[in-house]
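# Structural features, examined
Residues per chain, in single letters:
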Amino acid sequence: MTDVRGTVADGFEPVREAFVRNFEQRGERGAAVAVYRDGHKVVDLWAGTRDVDGGPGPAGAGDASGSEAGTPPGAPPGSPSASPSASPPGAPWAVDTAQIVRSVTKGVAAAVVLLLHQRGRIDLDAPVGTYWPEFKAAGKERVLVRHLLSHRAGLPALDRPLTPAEAIDGVSGPAALAAQAPAWQPGTDHGYHAQTYGWLLAELVPRVTGRSIGRWVAEEIARPLGLDFWLGLPAEEAHRVGRIGPVEEPPPVRSGGLTLRPKRSVADAYRDPDSLTRRAFGVIAPLPDENAPEYRAAELPASGGISTARALARFYASTIGAVDGGPRLFAPATLTLARTEESAGPDRVLVVPTRYGLGFMLHGPAAPLLGPGSFGHPGRGGSLGFADPDAGIAFGYVTNGLRKGVTADPRAQALVRAVRSAL
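The structure presented is a predicted model; accordingly, all values stated were derived computationally and were not measured. (Residues numbered from 1 in each chain as written. Predicted model: local features only at pLDDT ≥ 70, side-chain atom pairs only at ≥ 80, totals over all residues. Heavy atoms only, no water.)

### Details of the overall build of the protein chain
Which entries qualify depends on this criterion: In DSSP terms, a helix is any run of H or I states spanning at least four residues, a strand is any run of E spanning at least two, and both are numbered starting from the N terminus. Relative accessibility under 20% of the residue-type maximum defines a buried residue, over 50% an exposed one, and the middle range a partly exposed one, all with a 1.4 Å probe and only protein chains included. The criterion used for residue contact is that any of the two residues' heavy atoms lie within 4.5 Å. Here the open area of atoms and residues is found with the Shrake-Rupley method and a 1.4 Å probe, where only the protein chains shown may cover a residue.
A count of helical and extended segments in the protein chain gives 13 helices and 14 strands. Taken over 423 residues, the protein chain has a buried fraction of 60%. When contacts within the protein chain are restricted to residue pairs at least 6 apart in sequence, those whose partners lie at least 24 apart make up 72%. Carbon and sulfur atoms provide 52% of the accessible area of the protein chain, an area that totals close to 15500 Å².

Quick look at the structure:
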C-alpha cells in the first residue's frame, strides 16, 4: 500500500486516488501534488522516496542524464550521475522535499519579465538590444523582448554547444547567444528554446534591474509569497532536495503530448544529429549532471529551478488572484498577456503543433492542461505547474522519476483529469 501523506479537501478525493494509482500502476517513485482553488489550498499530498534511487527500481535509476539541456528522446544516453545522495538510501519524501523541476522553471522566469513590464521597467515591444546592446550582432537588431518569451527569436540552438562548466558560469551562454545568428527570421515563426531561453532571460533581467534573475525571484516572488522555490539553490537548503533520474516507462498514451511512440517525422527529427530539434536539445555537451551541487546552485531559468509542488501551486494561484489573503502577483492586464496566444502551429523544434503565450505554454494537444484558458509549463520528464483562471485552479506536481516524454506525462495527466472531475 502506498503511504500517502498530506491533506485533501472534501470533494477532491479523486486527486488522492489518482495519486495513489500513479505509484501502484505508473511506476511513480517519489512525488508530490498540490492544488489551490480560489486562492485556498485544497490538495497537498506527497509519497514515496526522496531520491529516485532510494528504493526498489530499475537498474540505472538515478542517472539524471538526458536532461532538458541534453540528449532528446531517441538519442544515445549519457553517462550515469555519480553525485552522492545527501540522505540515507530509502529516505521518505518529506513535507518539505523539493526537486529540480526542469522546464517548469520557464513559467516562473517568464513571470519575472512580465512583472518588470507591469512595473514599467521593460517594454515587451522594445528590441532586446535596447537593454543588451551586444545582442544586436548577427542580424538580431529587430528581435523584440516578446520574441524571447514566445519562442520566436530564432535562437533555439548554438553553432557550438557549451560544456557543462560553461553552461553554468553565467557568462558563456549569454555571450554565445549574443554572437549567434538566428536559425530563422525572428518574429516570423516559433520553435521551442529548450535551454537557450534561460540564458536569454538570465542576461536580460540583470541588464534591466542590476540583480540576477535568481536573486530577483527570491526577493520579489518567493519571499513575499512564502514559496519554497529557488533559482540557484542555497547551500543551507541542499539537504531538502532529492535526486532525480529516469524510471521505467508506462504504456504510451494514445493521444496528446510527445510520447515514446511519436509520429515518424517527430522520431526522425530526434534521431537526426543535424536537425534543429537535436541541436536545440544538445546545446550542452556532454550532458550535465543535474544532481551535482554546482548545477543545482546555478541560475538556469530554462531548466534549473528547484521547488516543492506546494510552491508551484501557490505561485500559479497568485498569478490569478489573492492567495490566503496575501498579495496578488499579476494585475489583470498582465494575466491577459500571460494567457494570450503569441505562437501557434507546427513547432520548428518539437515538430508537433504547440501554443505559447508570453513565456507560458497554453492548453493544446501537445501540452494538455485543465482547459482552454489554462497557462503554465511542463518540465521534461514529468513535473507540471499551471493555472486556470476560469476554474480558479492552480496546480503543481513534482516528481523525481523522469519519463522520456517532453510534455503530457501520464502521471501528471491522470492528476489533472482527477482535478477536472472534482470541479
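Picking up after the structure, the text goes on.
### Points about the packing of helix α2 (residues 105-118) against helix α7 (residues 213-225)
Note the following rule: Only the stretch in contact is used when a helix axis is fitted, and all axes are lines through C-alpha atoms; the angle between N-to-C directions ranges over 0 to 180 degrees. When an angle is under 35 degrees it counts as roughly parallel; over 145 it counts as roughly antiparallel; between 65 and 115 it counts as roughly perpendicular; any other value is oblique. Ten residues, namely Ala, Val, Leu, Ile, Met, Phe, Trp, Tyr, Cys and Pro, are considered nonpolar, four, namely Asp, Glu, Lys and Arg, are considered charged, and the remaining ones, Gly among them, are considered polar.
In contact at an axis separation of 10 Å, α2 and α7 are set at 75° when each is read in the N-to-C sense. Of the possible angle classes, the one that applies to α2 and α7 is roughly perpendicular. Listed contacts from α7 to V108, A109, A111, V112, L115 and L116 of α2 are I213, W216, V217 and I221. Grouping the constituent residues of the contact of α2 with α7 by class yields 10 nonpolar, no polar and no charged.

### Considering the nonpolar core
Note the following rule: The set of buried Ala, Val, Leu, Ile, Met, Phe, Trp, Tyr and Cys residues whose side-chain atoms join them within 4.5 Å is what this entry labels a nonpolar core.
Core analysis: the largest hydrophobic core is formed by 86 residues, its most contacted members being L148, L149, W199, I213, I221, F330 and F375. A per-element tally of this core places α2 first, with 9 residues. Residues contacting F330, with those up to four places away along its chain left out, are A111, L114, L115, Q118, S318, T319, L335, A338 and F360. Counting residues in each nonpolar core, the second largest holds 27 residues, with F23, L370, A412 and A418 among its members.

### Quick word on the pattern of salt bridges
Going by this rule: Whenever a carboxyl oxygen of Asp or Glu lies within 4 Å of a side-chain nitrogen of Lys or Arg, that contact is scored as a salt bridge.
This structure, assessed with the given rule, holds 26 salt bridges. The closest approach of N and O atoms between R5 and D3, which form a salt bridge, is 3.0 Å. With a shortest N-O distance of 2.6 Å, D125 and R146 are connected by a salt bridge. With D125 in the loop between α2 and α3 (145-149) and R146 in helix α3, the pair connects residues that are 21 residues apart, well separated along the chain. By relative accessible area, D125 is classed as partly exposed at 44%. Several salt bridges share partner residues, and in doing so they unite R119, R211, R215, E219 and E220 into one network.

### Points about the environment of R121
Assignment of secondary structure puts R121 in the loop between α2 and α3. Taking relative accessible area as the criterion, R121 reaches 42% and is therefore assigned partly exposed. The sequence separation of R121 and T209 amounts to 88 residues, and the corresponding C-alpha distance is 8.2 Å.

### Regarding the side chain of R26
So the rule is basically this: By the counting rule applied here, Lys and Arg register as positive and Asp and Glu as negative, while His and the ends of each chain are not counted. The definition of a polar contact used here is a pair of N or O atoms within 3.5 Å, where within protein one atom must be able to donate a hydrogen and the other to accept one, and adjacent residues in sequence count solely through side-chain atom pairs.
Among the structural elements, R26 can be located in the loop between α1 (13-25) and β2 (30-37). No salt bridge forms around the buried R26; measuring N to O, its nearest opposite-charge neighbour D409 is 7.6 Å away. Here N22 takes part through its side chain, which lies 2.9 Å from a polar atom of the side chain of R26.

### Some words on the side chain of T399
Relative to the elements of secondary structure, T399 occurs in strand β13 (residues 393-399). At a separation of 2.7 Å, a polar atom in the side chain of T399 contacts the side chain of E28. Reaching out from T399, the side chain makes a polar contact with the backbone nitrogen of G401 at a distance of 3.1 Å. With residues near it in sequence (within four places) discarded, T399 still touches E28, G30, A31, W93, Q99, I244, G381, G382, S383 and R411.

### Considering the sheet that holds strand β4 (residues 99-100)
This is how the line gets drawn: When DSSP locates at least two bridges between a pair of strands, those strands are taken to pair.
Pairing in this open sheet of 3 strands is antiparallel, and the strands run β4-β7-β5 from one edge to the other. Of all strands in the sheet, those bounded by a partner on one side alone are β4 and β5 (229-230). The sheet contact formed by β5 and strand β7 (residues 306-307) spans 2 bridges and is antiparallel. Residue pairing in the sheet places F229 in a bridge with S307 of β7.

### So, unusual backbone geometry
Note the cis peptide between A285 and P286, where omega equals 0°. With respect to the helices and strands, the residue P286 is situated in the loop between α9 (276-281) and α10 (293-297). One non-glycine residue, A138, adopts positive backbone phi at about 60°. On the basis of relative accessible area, A138 is assigned to the partly exposed category, the value being 37%. Of note in this structure, V351 is not a glycine but carries a positive phi near 75°.

### With respect to helix α8 (residues 264-271)
The cut-off we apply is this: Arc definition: it is the arc formed by the directions from the helix axis to the C-beta atoms.
Within α8 the residues assigned to the buried category are V266, A267, A269 and Y270. Projection of α8 onto a plane perpendicular to its axis shows the buried side chains occupying an angular sector of 160°, all on one side. Residues of α8 that are buried sit in contact with α9.

### Focus: helix α6 (residues 196-209)
Each full turn of the α-helix corresponds to 3.6 residues, which orients residues three or four apart in the same direction. What counts, and what does not: Expected helix span is taken as 1.5 Å per residue step, with the number of steps being one fewer than the number of residues.
Look at α6: 20 Å from first C-alpha to last across 14 residues, which is about the 20 Å you get at 1.5 Å a residue. Of all the 14 residues making up α6, 12 are buried; the element is thus mostly covered by neighbouring parts of the structure. Buried within α6 we find T196, Y197, G198, W199, L200, L201, A202, E203, L204, V205, V208 and T209. Looking at the buried residues of α6, the elements they touch are α2, α3, α4 (164-167), α5 (172-179) and α7. Just past α6, the residue G210 takes up positive phi, approximately 80°.

### So, the confidence of the model for the protein chain
The test is simple: On a range of 0 to 100, pLDDT expresses the predictor's confidence in each residue.
Residues at a pLDDT of 70 or more form 88% of the protein chain, whose mean pLDDT is 90. Low pLDDT, under 50, characterises residues 56-63; the predicted model gives this stretch 25 contacts beyond four residues in sequence or across chains.

### Overview of empty space enclosed by the protein
In plain terms, the rule: Think of a 1 Å grid over the protein atoms and nothing else: a 1.4 Å probe that fits but is trapped marks a cavity, an open set flanked by protein within 12 Å on at least five of seven lines marks a pocket, and residues with an atom within 4 Å of a point count as lining. Grid points are joined across faces, edges and corners, and a volume is the space filled by probe spheres set on the points.
Across all of its chains, the model carries 4 cavities of 30 Å³ or more by this definition. Lining of the second largest cavity is provided by 14 residues; of these, P378, L384, T407, A408 and D409 occupy positions nearest its centre. Residue composition of the lining of the second largest cavity, by class: 8 nonpolar, 5 polar and 1 charged.

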